[in-house]
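Geometric and topological summary
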Amino acid sequence: MEQKNHVDVNKISTAIRMGLPLSVTTYTFPRTVEVYIDSVVSEFLKELHRQEMKDFLIYVINELALNAKKANTKRVYFTEKKLDINNKKDYDLGMKFFKSDTFLNIQHYLQLQKEAGLYIKVVLQYSGNSILLEVRNNSELNKTEFKRIFDKIARSKQYTSLEEVLPKIFDETEGAGLGLIISSLMLQKIGVPNENFYVLVEKGETIMRIVVPMGAMDYSHLNEYSKQITDYIESIPRFPENITRIEKLLNDPESNLSEIADNINTDVALTADLLKLVNSAAFALPQRVINISEAVKLVGLRGIRNLLYSIGTVKILSNSYGEQAKLWSHSYKVAFFACSLARRLPHKQVVADNAYVCGLLHDLGKIVLNLVYPDPDLHNKIIKIKESHHIPDVVFNVVVSEINHPEIGAVLAEKWNFPDSIVSAIRFHHDFENAPEQYKDLVATVSFADMMIHYREQTIEYYQLNPVFLKIFNIDSEVTLQNLCESFEKAFDEDGS
C-alpha cells in the first residue's frame, strides 16, 4: 500500500477478507507517515472490531519503526565515517559519537539513507484468527546489535509493570532500550505472550514480528443464522436426473466412451451446454468440436465429469438478478483465468482437468449466502440483532459473511459428493498454506486467478500477491503480471464467456 493522504477502506476490507498483507513503506518515517499508519491501523482494527488494541499497537509500531530508522541511519553514518559496522573495534568507536553527530545533522543522514534505498516497512495481516504485525528494514542486524536487542526482549519478560523497569534499565550506547521493554509490557496487556515477539534476520532484512491472537470467539448468538445456512444446504436438491445418470456412467469402469457420448446426445440442452463450454477459449482446443464423441476424447472423462458438475451447479443455484449475477460473472471470469493459468503448468494434469470447474465454483459459499439472505430487510434485521448483542464483526462475519464462505461452499460440494480436488480448491482458495499437498498447485491456480481479477479491479496491489504464486507462474515483475492480465482479459472478452 503506497503512502497516501487518505486510507482506502475497501482495500483494507478486501485484504482482511482474503488474508492478504497490507504494508506501508517509507524511507525516513516522517510525521505524515506516522499519521497515515495510525489511520490504517485504526481502520484495520475497526474492521475486526478490535479498536481497543489501537493505542497499544500504534505505540509498538512507532517504537519498532524508530528503531529501524536508527539502524538505517547507523549504516549511512558508519559508511560516511569509513568504519566497518561489523568490526567490533570500529563499532565501538562509531557508537561513541553516533548519537551526538546524527542529532546535530539528522536531515543530512536521513537524506543519505533515502539515497541508499534503506527503507522501513510496516506490515499488517489478518490470518488464522491472528493479527500478524511486522516492522521490517533492509539493514541486517550484526551480531552485536542482534544480541543487544534479543537480550532486551528476553529481559522484558521478568517485568510486569513499568515501575519495575525504570530504576533498573540504563544503557548509554543504545539509548536504554526502554522502548522495547515498554512495548513488551503493552503487548502483554492485550494478550500477546512473550514468545509471540520475534526478532529475525532474513534475506537482507531485519524483521520484528509480533503475532497478536484474537482470542476464542463466541458463536452463541449466531446459532440461529448458522442453522439457517445448514438447513438451506440440506434443502438444496441433488443434480438433475439427466446429469446424475451420466455421472453414474462416468463412474462405472464398465462404461465406454461411445455409450457415454450416446447418453449425453439424448439430451439436446445438455449437449449444447457441453459443446459451448468445450469450444470456449478457456479450453484452447486445437480445433472446434462438433459432436460429443470428439469432446469426450479431447477433454477426457474427468474433464466431462467436471463440466457436468459446473452445468449442474449453475442450473440449481443460478439466477440473473442483482448480487447473484455479479457473483456468477466473477466466477466465470475466474474459471477462464484459471484455465489459462493451468496451461502455464506443464505436466500438471490434475490442475488442467480441474481448473475450470474449481474456478467457476470457488465462491460457491458466497452464492449460498446470497441465496440464504437475498432479502435486504432480512439482512438488516440480522445486523440489528448483531448490534443489540454486541457481537464483534469478526465473529459475525465468520458465519454470515465472506470471511468463511470457502467453508460453506466446501460443505455443499461435499454434500454433492464432488471429488476431493474440487472440495479442496473451494475450501482453501483463501488459505493456500493449509491446502493438502497434492492439491496445492490446483489451489494456487484458482487463488491466483481470483487475485488477478481483483488486481485488475484495483482492489489489491502487486505487493500483496503471494510470492509463491508469482514463482509458480513465472511472474518476475509487475509489468509481466499486467501483460498477462491484459492478454487473459482480451481473450475472455473475445470469447464472450
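Look a little higher up for the structure.
In this report, we go over the structure that sits alongside the text. (Residues numbered from 1 in each chain as written. Predicted model: local features only at pLDDT ≥ 70, side-chain atom pairs only at ≥ 80, totals over all residues. Heavy atoms only, no water.)

Next up on the list: the overall build of the protein chain. From N to C terminus, the protein chain includes 23 helices and five strands. Counting all 497 residues of the protein chain, 51% fall into the buried class. The contacts of the protein chain with a sequence gap of at least 6 include a subset with a gap of at least 24, amounting to 69%. Just so you have it, the protein chain exposes about 23,700 Å², and 52% of that area is on carbon and sulfur atoms. (Helix = DSSP H or I, 4+ residues; strand = E, 2+ residues; numbered from the N terminus. Buried < 20%, exposed > 50% of the residue type's maximum accessible area, 1.4 Å probe, protein only. Contact = heavy atoms within 4.5 Å. Areas by Shrake-Rupley, 256 points an atom, 1.4 Å probe, with all protein chains shown as cover.)

Enumeration over the complete set of coordinates arrives at 13 aromatic pairs. With a centroid separation of 5.7 Å and an interplanar angle of 45 degrees, the aromatic rings of Trp-416 and Phe-418 are classed as tilted. The exposure class assigned to Trp-416 is buried, which follows from its relative accessible area of 0%. Chaining the aromatic ring pairs together yields one cluster made of Tyr-77, Phe-78, Tyr-91, Phe-98 and Tyr-109. (Phe/Tyr/Trp six-rings, centres within 6.5 Å; stacked < 30°, edge-to-face > 60°.)

The next thing to look at is the packing of helix α3 (residues 54–80) against helix α8 (residues 178–189). At their nearest, the axes of α3 and α8 sit 9 Å apart, and the two run at 155 degrees to each other. The orientation of α3 with respect to α8, classified from their angle, is roughly antiparallel. Here α3 runs over α8; the crossing is left-handed. Here α3 contributes Phe-56, Leu-57, Tyr-59, Val-60, Glu-63, Leu-64 and Asn-67 to the contact with α8, which in turn contributes Gly-179, Leu-180, Ile-182, Ser-183, Met-186, Leu-187 and Lys-189. Of the residues assigned to the contact of α3 with α8, the class counts are nine nonpolar, three polar and two charged. (Axes fitted to C-alpha atoms, helices over the stretch in contact; angles between N-to-C directions. Parallel < 35°, antiparallel > 145°, perpendicular 65-115°, else oblique. Left-handed = near helix turned anticlockwise from the far one by under 90°. Nonpolar A, V, L, I, M, F, W, Y, C, P; charged D, E, K, R; others polar.)

At Lys-203, a residue that is not glycine, the phi angle is positive and equals roughly 50 degrees. Summarising the element assignment, Lys-203 is placed in the loop between β4 (197–202) and β5 (205–213). Phi at Gln-458 is positive, roughly 65 degrees, even though this residue is not glycine. The residue Gln-458 is located in the loop between α21 (440–456) and α22 (467–472) in this model. Exposure remark for Gln-458: the relative accessible area of 62% places this residue in the exposed category.

Reading across from one edge, β1-β2-β3-β5-β4 is the order of the five strands in this open sheet, with antiparallel pairing throughout. Every interior strand has two partners, whereas the edge strands, β1 (22–26) and β4, have only one. Across the sheet, the mean angle separating the axes of adjacent strands is 15 degrees when strand polarity is ignored. As judged from the eight bridges shared by strand β2 (residues 120–127) and strand β3 (residues 130–137), these two strands associate in the antiparallel manner. Looking at the pairing, Tyr-126 lines up with Ile-131 of β3. (Pairing = 2+ DSSP bridges.)

Below, the discussion takes up the environment of Leu-484. Looking at the element boundaries, Leu-484 is found in helix α23 (residues 478–495). Of the residues examined, Leu-484 reaches a relative accessible area of 10% and is grouped as buried. Considering only alpha carbons, one finds Leu-484 and Leu-341, 143 residues apart in sequence, at a separation of 9.5 Å. What Leu-484 contacts, discounting residues up to four positions off in sequence, is Leu-341, Arg-344, Met-452 and Ile-475.

Bringing the nonpolar core into the picture now. For soluble globular proteins, the rule of thumb is that nonpolar side chains tend to be buried together. In terms of nonpolar packing, the biggest core is built from 133 residues, with Phe-44 and Phe-448 touching the most fellow members. Ranked by residue count, the leading element in this core is helix α13 (residues 292–317), at eleven residues. Sequence-distant contacts of Phe-448, defined by excluding residues within four places in its chain, comprise Leu-341, Leu-465, Phe-469, Leu-470, Phe-473, Ile-475 and Leu-481. Tyr-77, Phe-78, Met-95 and Leu-118 belong to the second largest nonpolar core, which has ten residues in total. (Core = buried A, V, L, I, M, F, W, Y, C linked by side-chain atoms within 4.5 Å.)

What follows deals with the pattern of salt bridges. Enumeration over the complete set of coordinates arrives at 18 salt bridges. Here Lys-54 and Asp-38 are joined by a salt bridge, their closest N and O atoms 2.9 Å apart. Taken together, the residues Lys-54 in helix α3 and Asp-38 in helix α2 (residues 31–47) connect sequence positions 16 residues apart. Under the relative-accessibility criterion, Lys-54 is labelled partly exposed at 22%. (Salt bridge = Lys/Arg side-chain N within 4 Å of Asp/Glu carboxyl O.)

Taken across its eight residues, β3 has seven buried, putting it largely inside the fold. Linkage of β2 to β3, two consecutive antiparallel strands, is achieved through a turn of two residues, within which Gly-128 is found at a positive phi near 60 degrees. The sheet contact formed by β3 and β5 spans eight bridges and is antiparallel. Bridge assignment links Asn-137 to a residue of β5, and that residue is Thr-206.

Our focus in this paragraph is the environment of Lys-366. Here Lys-366 shows up in helix α16 (residues 364–372). Residues Lys-366 and Leu-327, 39 residues apart in the sequence, show an inter-C-alpha distance of 7.7 Å.

In this structure, Asp-450 sits in helix α21. Buried within the structure, Asp-450 lacks any salt-bridge partner; Lys-366 is the closest side chain of opposite charge, at an N-O distance of 6.5 Å. Polar contacts involving the side chain of Asp-450 include one to the side chain of His-330, which spans 2.8 Å. Setting aside its immediate chain neighbours within four residues, Asp-450 contacts Met-18, His-330, Val-334, His-362, His-429 and His-430. (Lys, Arg positive; Asp, Glu negative; His and termini not counted. Polar contact = N/O pair within 3.5 Å; in protein donor to acceptor, adjacent residues only side chain to side chain.)

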